[in-house]
Amino acid sequence: MRDLKAAPQRGLLIVNPKASTGSRRRTRWVRKKLDEVLDLEVEVTRRRDHAEILAKRGADKGYDVVLSLGGDGTVNEVVNGLVADGRPADEAPIFAPIPAGSTNVFARALGLPWDRRRASLAIVSAIEERRVRTVSLGRATGDDVDRLFTFCAGLGWDASIIKKVESYRKKRNLGAHYARAVMAELNEHGVEGDTIEVELSSGEEDLSEGMVVVQNCAPWTYLGTLPVNLNARASFNAGLDVLVLRKLGLSDAARTAASLLVGRDGPDGKHAVTHHDLSRIRLRASLPQAFQLDGDYLGERTDLELSSVPEALRVAC
């Protein structure tokens, strides 16, 4: 592990210029603040997966701190680059996510403010005071995928909704777009889908006809300032949590949706079952199902394994 007190810290800021709340003026403000505590270089992404390449290059060059300025998709790419090829946390740069997307689940789950300026100030303070936290990650493998995730993965209904949200051109007013996508999915396909077999590291098995969502932290997502919980116990300090949504009718779907918005702990009962602190979750679908990772739709999959990767990443927060 590098001794960060022995020399000035070198920092790399990876900027996604297409993030939904981005602007050149705001980026300049962030850079000015970071320049106060880091010997900073800035790279701008130009295409999908570019942030992952830049982050891996930064880790290979020995940067002390790598920061992202973008949304959850940018965070996912940077994290996958920093710990690529099994690089252990203490040999990878410290990571700091500055929120600039529409939801910013990972940054907010770390306790950082949603506002980019306040988050930047909090990160500057953490860097000055050498405050570093080590967190777990999740890994999804199978069906031509091998990728880390920071806060969630989903197979089935929620991923189908994310696909629809991504297809809408306007990215503002996420809550309205999400509601629109839910209604479209209900009208087109209802709430029942093909079966998904769920095998847990605890030895338990279950069956879903709607969706399976795996979490590495809580909450699952946000609608504006409102946190939405599926598994409120999910934590960076534990294994993975999973929600198995069983067969649902329309009335059950409405009650489940309501419990997400007003309940503190999320749904758990006859039609929606949660499991806590698992090392591994195996999913097998009877037909290809929509798949999402950290809120990005990644196509359809039938066979996936989700596993916990303890103490995988150091973060400044």
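The sections below set out a description of the structure shown in this document. (Residues numbered from 1 in each chain as written. Predicted model: local features only at pLDDT ≥ 70, side-chain atom pairs only at ≥ 80, totals over all residues. Heavy atoms only, no water.)

1. Thoughts on the nonpolar core
Within soluble globular proteins, side chains that are nonpolar tend to cluster in buried spots. Where we set the bar: Definition of nonpolar core: a set of buried residues of the types Ala, Val, Leu, Ile, Met, Phe, Trp, Tyr and Cys, connected through side-chain atoms within 4.5 Å. Throughout this description, buried means an accessible area under 20% of the type-specific maximum (1.4 Å probe, protein chains only), exposed means over 50%, and partly exposed covers the range between. A contact between two residues is defined here by any heavy atoms of the two lying within 4.5 Å.
In terms of nonpolar packing, the biggest core is built from 40 residues, with Ile14, Val78, Leu82, Phe95, Phe106 and Leu313 touching the most fellow members. Once residues lying within four places of it in the same chain are set aside, the contact partners of Phe95 are Val66, Leu67, Ser68, Val75, Val78, Val79, Leu82, Phe106, Leu313, Arg314, Val315 and Ala316. Grouped together as the second largest cluster of nonpolar side chains are 23 residues, Trp29, Val65, Leu69 and Ile123 included.

2. As for the packing of aromatic side chains
What counts is decided by this rule: For Phe, Tyr and Trp, rings pair up if their centres lie within 6.5 Å, where Trp contributes its six-membered ring, and each pair is then called stacked (planes under 30 degrees apart), edge-to-face (over 60) or tilted (otherwise). Secondary structure counts use DSSP, requiring at least four H or I residues in a row for a helix and at least two E residues in a row for a strand, with both numbered from the N terminus. Charge over a ring is defined by NZ of Lys or CZ of Arg lying within 6 Å of the ring centre and within 35 degrees of the ring normal.
Counting across every chain of the model gives 2 aromatic pairs. A centroid spacing of 6.4 Å and a plane angle of 20° characterise the contact between Phe95 and Phe106, whose relative ring orientation is stacked. Here Phe95, found in strand S4 (residues 94–99), pairs with Phe106, found in helix H4 (residues 105–109); they are 11 residues apart in sequence, far enough to count as distant. With centroids separated by 5.6 Å and ring planes inclined at 85°, the aromatic side chains of Phe106 and Phe236 adopt a geometry described as edge-to-face. A residue pair is termed long-range when its members are at least 10 positions apart, and Phe106 in helix H4 and Phe236 in the loop between strand S12 (226–228) and strand S13 (240–245) qualify at 130 residues. Taken individually, Phe106 and Phe236 each receive the classification buried, so the pair is uniform in this respect. Grouped by ring-pair contacts, the aromatic residues Phe95, Phe106 and Phe236 constitute a single cluster. Between Arg108 and the ring centre of Tyr222, over which it is positioned, the NZ or CZ distance is 3.6 Å.

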